[in-house]
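# Overview (structure and organization)
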Amino acid sequence: MNTSPQLLHAITGDPSNPLKEPTFAVADENGNVFVADSGNHLVKVFDPKGKFLFQFGGQESKKPLLYPYGIGVLNKERIIVADTGAGALYEYNAQGEQVRAWLEPGAGSQPAGVFVAPDKTVYVTDLAGKKVLVFSEPGQLLRKIEPQNVSLGSPLGIEVNLDGTVWVADGGNYNIKLMGKDALVKAVFDGGPKNPLSMAKGLAVDKQGRIYVADTMSNAVRVFDGQGNDLFTLGRDKENTFRLPNGLSIDKTGKIYIADQGNNKIQVWGWK
């Protein structure tokens, strides 16, 4: 097996309906891929091979999406979308029909990254409040995680460990932070003095504990161990490059979905 993942394929949409500046992609339990097609103000859904299935959140919706950013899949019947442009968090059903708002526009929050924990607790980064919002599966706000010792600048990507500690990609401070359940920041790393992160937007953690970070302005995805040591970098060879990589997610099979925002596609990586 290769020591680092390889590009498997890319999702670009149909020629007549291409992706535009996508910010995030996540797979459901069947391998279907939900993409925040932010430049088109839509969520698009593709099968595991990248064939377009349907889209939602457009003008026909109760409240059309302004700038969808993060997506969380609770189950095959419930999809959570963070509309960063509207400052809202919406729930949709499997047909792409809007069911209700978990956070209404104008409530003062600006949801961005979304992560669904194994127990179906939903964690959402709040750009406006510089905190993490935690919701129950039914959509009730349980608590807010506001770090007490180190501030968050622009919290974007998020992942939650099995022990309840929370990794956050802090784009505004160009680093990655690990917060404990007590809301104290336990660790901070920024890539080191020789190769600092340029603007960390996306973040995902695989089963081996490796942390994948979208180093956006460097046009690369860097991979670290839990102590912040560099392991390897994706996207710096001539065949496979990124342009402004953004959101990251990893599915149950280990496939890595990278929103290659500047190239208008989702890159899917894995081990061949």
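The paragraphs below set out a description of the structure included in this document. None of these values were measured; they are calculated from a predicted model. (Residues numbered from 1 in each chain as written. Predicted model: local features only at pLDDT ≥ 70, side-chain atom pairs only at ≥ 80, totals over all residues. Heavy atoms only, no water.)

## Let's talk about the sheet that holds strand β24 (residues 245-250)
We count it as follows: The rule for pairing is simple: two strands pair if DSSP sees at least two bridges between them. Helix and strand definitions here come from DSSP, where helices need a minimum of 4 consecutive H or I residues and strands a minimum of 2 consecutive E residues; each element is numbered from the N-terminal end. Axis lines are fitted through C-alpha atoms, for helices just across the contact stretch, and the angle between N-to-C directions can take any value from 0 to 180 degrees.
One open sheet holds the 4 strands; their spatial order is β1-β26-β25-β24, and the pairing between them is antiparallel. Each end of this open sheet is capped by a strand with a single partner; those strands are β1 (6-11) and β24. Looking at each pair of strands side by side, their axes are set apart by 25 degrees on average, direction ignored. As paired strands, β1 and strand β26 (residues 265-270) are joined by 5 bridges and run antiparallel to one another.

## Regarding the nonpolar core
Which entries qualify depends on this criterion: Only buried Ala, Val, Leu, Ile, Met, Phe, Trp, Tyr and Cys residues count toward a nonpolar core, and they belong to the same one when joined by side-chain atoms within 4.5 Å. Accessibility here uses a 1.4 Å probe with only protein chains present; expressed as a share of the type maximum, an area under 20% marks a residue as buried, one over 50% as exposed, and anything in between as partly exposed. Only heavy atoms matter for contacts: two residues are in contact if any of them lie within 4.5 Å across the pair.
Counting 16 residues, the largest nonpolar core has Phe34, Val43, Phe56, Ile71, Ile79, Val81 and Tyr92 as the members making the most contacts within it. Of all the elements, strand β10 (residues 88-92) adds the most residues to this core, at 3 residues. Each residue touching valine 81, except ones within four places of it in the same chain, is listed here: Val43, Phe56, Leu65, Pro68, Gly70, Ala88, Leu89, Tyr90 and Tyr92. Core analysis: the second largest hydrophobic core is formed by 14 residues, Ala117, Val134, Val168 and Ala183 among them.

## What to know about the pairing of β10
Counted residue by residue, β10 has 5 buried out of 5 residues, so it is predominantly covered. As paired strands, strand β9 (residues 78-83) and β10 are joined by 5 bridges and run antiparallel to one another. Paired with isoleucine 79 across the two strands is tyrosine 92, which belongs to β10. As defined by bridge partners, β10 adjoins strand β11 (residues 98-103) across 4 bridges and the pair is classed as antiparallel. Bridge pairing links leucine 89 to leucine 103 in β11. Connecting β10 to the antiparallel partner β11 that follows it, the hairpin turn spans 5 residues, and glycine 96 within it adopts a positive phi of roughly 80 degrees.

## Observations concerning the sheet that holds β10
Two strands in a sheet stick together by hydrogen bonds in their backbones, pointing the same way (parallel) or opposite ways (antiparallel). If you walk across this open sheet you meet the 4 strands as β8-β9-β10-β11, and the pairing is antiparallel. The sheet terminates laterally at β8 (68-75) and β11, the two strands that pair on one side only. In this sheet, adjacent strand axes meet at a mean angle of 25 degrees when their direction is disregarded.

## Looking at the side chain of serine 61
Let me state the cut-off plainly: In protein, a polar contact means a hydrogen-donor-capable atom and an acceptor-capable atom, both N or O and within 3.5 Å, with residues adjacent in sequence counting only if both atoms are side-chain atoms; elsewhere, any N or O pair within 3.5 Å suffices.
Locating serine 61 in the fold gives a position in the loop between β7 (52-56) and β8. A distance of 3.4 Å separates polar atoms of two side chains, one belonging to serine 61 and the other to glutamine 98.

## Thoughts on the packing of aromatic side chains
Put simply, the rule reads: Aromatic contacts are taken between Phe, Tyr and Trp rings whose centres are within 6.5 Å, Trp giving its six-membered ring; a plane angle under 30 degrees counts as stacked, one over 60 as edge-to-face, and the others as tilted.
In total, this model carries 9 aromatic pairs according to the counting rule given. Centre to centre, the rings of phenylalanine 56 and tyrosine 92 are 4.7 Å apart; their planes meet at 45 degrees, and the pair counts as tilted. With a gap of 36 residues between them, phenylalanine 56 in strand β7 and tyrosine 92 in strand β10 connect regions that are remote in the sequence. Each member of the pair phenylalanine 56 and tyrosine 92 is classed as buried. In this structure an aromatic cluster arises from ring pairing among Phe54, Phe56, Tyr90 and Tyr92.

Take it as geometry only, folks, not as evidence of what the structure does.
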